[in-house]
Amino acid sequence: MTTMKITHHLTDDLILGYSAGTLTEAVNLIVASHISLCDECRAAVESYDAVGGAVIETADTVAVSDDCLDGALALIRKSPATGATSEKKRRNDPVLPAPLLDYVGGSLDDVKWRSVGMGVKQAILKTSPEATARLLFIPAGTAIPDHGHNGMELTLVLKGAFQDEDGRFARGDIEIASEDMHHTPIADLSEDCICLAVTDAPLQFRGLLPRLVQPFVKI
Ligand SMILES: [Zn+2]
């Protein structure tokens, strides 16, 4: 794992939102999971946290808006720094990063997979409803049907790798697909692929069959 090379990272907006505590629970979860695997993005979050801390410390010397205290308290409550401390005490799972373990009940063995066809399995994680987080199991060499997005889709690779129009994504890499992007991710032939995927709106499938089954599998 020390040789892991992450080439696809978070955007500044996501890092800033995580540091400020303004992300939805599902997006927060995937950002925290990436950061637990990525030294580069973790360092970026720490520097934003330091700036936020300095703003709070000097807040009584400048004119502040009425909701400043609420904002500062929200920031403290959601501070990733406190989360990071407790995460270190948790046990390690070779595939799932620490922020995910509580969501699946302890380890990869506790994931309650449901088949969605073609050998692909998913497990929807319980988060607040503004966005959906799911673990995806994609058998080696399998393609996820070509789809677009009504909103944003974030995909973090936890095991194996996949390739699509945007490049190759392996453990620790995060793909950020926007509304106008259509893609067909294909898992590497050598290994089954496990990803954490977060969407803030339902996916749009192009083929008729995926559109028919979509309501049943809640993709
Ligand atoms: Zn990163």
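Look a little higher up for the structure.
Residues numbered from 1 in each chain as written. Predicted model: local features only at pLDDT ≥ 70, side-chain atom pairs only at ≥ 80, totals over all residues. Heavy atoms only, no water.

**Student:** What am I meant to see in the overall build of the protein here?
**Tutor:** A tally of helices and strands in the protein yields seven helices and 11 strands. In the protein, which comprises 219 residues, the proportion classed as buried is 41%. Considering only contacts within the protein whose residues lie at least 6 apart along the sequence, 65% involve residues at least 24 apart. For the protein, the exposed area adds up to about 11800 Å²; of that, 57% sits on carbon and sulfur atoms. (Helix = DSSP H or I, 4+ residues; strand = E, 2+ residues; numbered from the N terminus. Buried < 20%, exposed > 50% of the residue type's maximum accessible area, 1.4 Å probe, protein only. Contact = heavy atoms within 4.5 Å. Areas by Shrake-Rupley, 256 points an atom, 1.4 Å probe, with all protein chains shown as cover.)

**Student:** So what exactly am I meant to see when it comes to the coordination of the zinc ion here?
**Tutor:** Ideal coordination angles are 109.5 degrees for a metal with four donors arranged tetrahedrally and 90 or 180 degrees for a metal with six donors arranged octahedrally. Protein coordination of the zinc ion is provided by His9 (ND1), His34 (NE2), Cys38 (SG) and Cys41 (SG), with donor distances spanning 2.1 to 2.3 Å. Between the four donor atoms coordinating the zinc ion, the angles at the centre fall across 94 to 129°, so the site counts as tetrahedral. Written as a sequence motif, the donor residues of the zinc ion are H-x24-H-x3-C-x2-C. Taken together, the residues His9 in the segment before helix 1 (12-20) and His34 in helix 2 (residues 25-37) connect sequence positions 25 residues apart. The class for His9 is partly exposed, based on a relative accessible area of 23%. (Donors = N, O, S within 2.8 Å, 3.2 Å for Na, K, Ca; no water. Tetrahedral: all angles 85-135°; square planar, octahedral: opposite > 155°, others 65-115°.)

**Student:** Would you take a moment to explain the nonpolar core for this structure?
**Tutor:** Inside soluble globular proteins, nonpolar side chains tend to come together where they are buried. Grouped together as the largest cluster of nonpolar side chains are 36 residues, with contacts concentrated most on Val31, Leu96, Leu135, Leu158 and Leu196. Within the residue set of this core, elements represented by two or more residues are helix 1, helix 2, helix 3 (39-57), helix 6 (98-104), strand 2 (120-125), strand 3 (132-138), strand 5 (153-159) and strand 10 (193-199). With 11 residues, the next largest nonpolar core counts Val120, Leu136, Val157 and Cys195 among its residues. (Core = buried A, V, L, I, M, F, W, Y, C linked by side-chain atoms within 4.5 Å.)

**Student:** Is there a simple way to think about the packing of aromatic side chains in this case?
**Tutor:** Aromatic ring pairs are described here by two measures, namely the spacing of the ring centres and the angle between the planes. Under the defined criterion, the tally for this structure stands at two aromatic pairs. Relative to Phe137, the ring of Trp113 has its centre 6.0 Å away and its plane inclined at 65°; by these criteria the two rings are edge-to-face. With a gap of 24 residues between them, Trp113 in the loop between helix 6 and strand 1 (114-117) and Phe137 in strand 3 connect regions that are remote in the sequence. Among the residues examined, Phe137 registers a relative accessible area of 17% and is labelled buried. Ring centres 5.2 Å apart and planes at 20° place the aromatic pair Phe162 and Phe169 in the stacked group. For Phe162, a relative accessible area of 3% translates into the label buried. (Phe/Tyr/Trp six-rings, centres within 6.5 Å; stacked < 30°, edge-to-face > 60°.)

**Student:** So what exactly am I meant to see when it comes to helix 2 here?
**Tutor:** Helical periodicity: at 3.6 residues per turn, an α-helix aligns residues three or four positions apart in one direction. The first and last C-alpha atoms of helix 2 sit 19 Å apart over 13 residues, in line with the 18 Å expected at 1.5 Å per residue. Of all 13 residues making up helix 2, 10 are buried, and the element is well covered by its neighbours. Of the positions making up helix 2, those classed as buried are Ala26, Val27, Leu29, Ile30, Val31, Ala32, Ser33, His34, Ile35 and Leu37. (Expected span 1.5 Å × (residues − 1).)

**Student:** Even after reading the chapter, I still don't get the pairing of strand 10, so can you show me in this structure?
**Tutor:** Put simply, side chains in a regular strand alternate between the two faces of the sheet. For strand 10, the buried fraction is high: seven of the seven residues fall into the buried class. Burial along strand 10 is two-sided: the residues Cys193, Cys195, Ala197 and Thr199 and Ile194, Leu196 and Val198 are all buried. The sheet contact formed by strand 3 and strand 10 spans seven bridges and is antiparallel. Directly across from Phe137, in strand 10, lies its bridge partner Ile194. Pairing of strand 5 with strand 10 involves six bridges; the strand directions are antiparallel. Note that in strand 10 the partner of Glu153 across the bridge is Thr199. (Pairing = 2+ DSSP bridges.)

Keep in mind that these numbers describe shape and distance, not what the molecule does.
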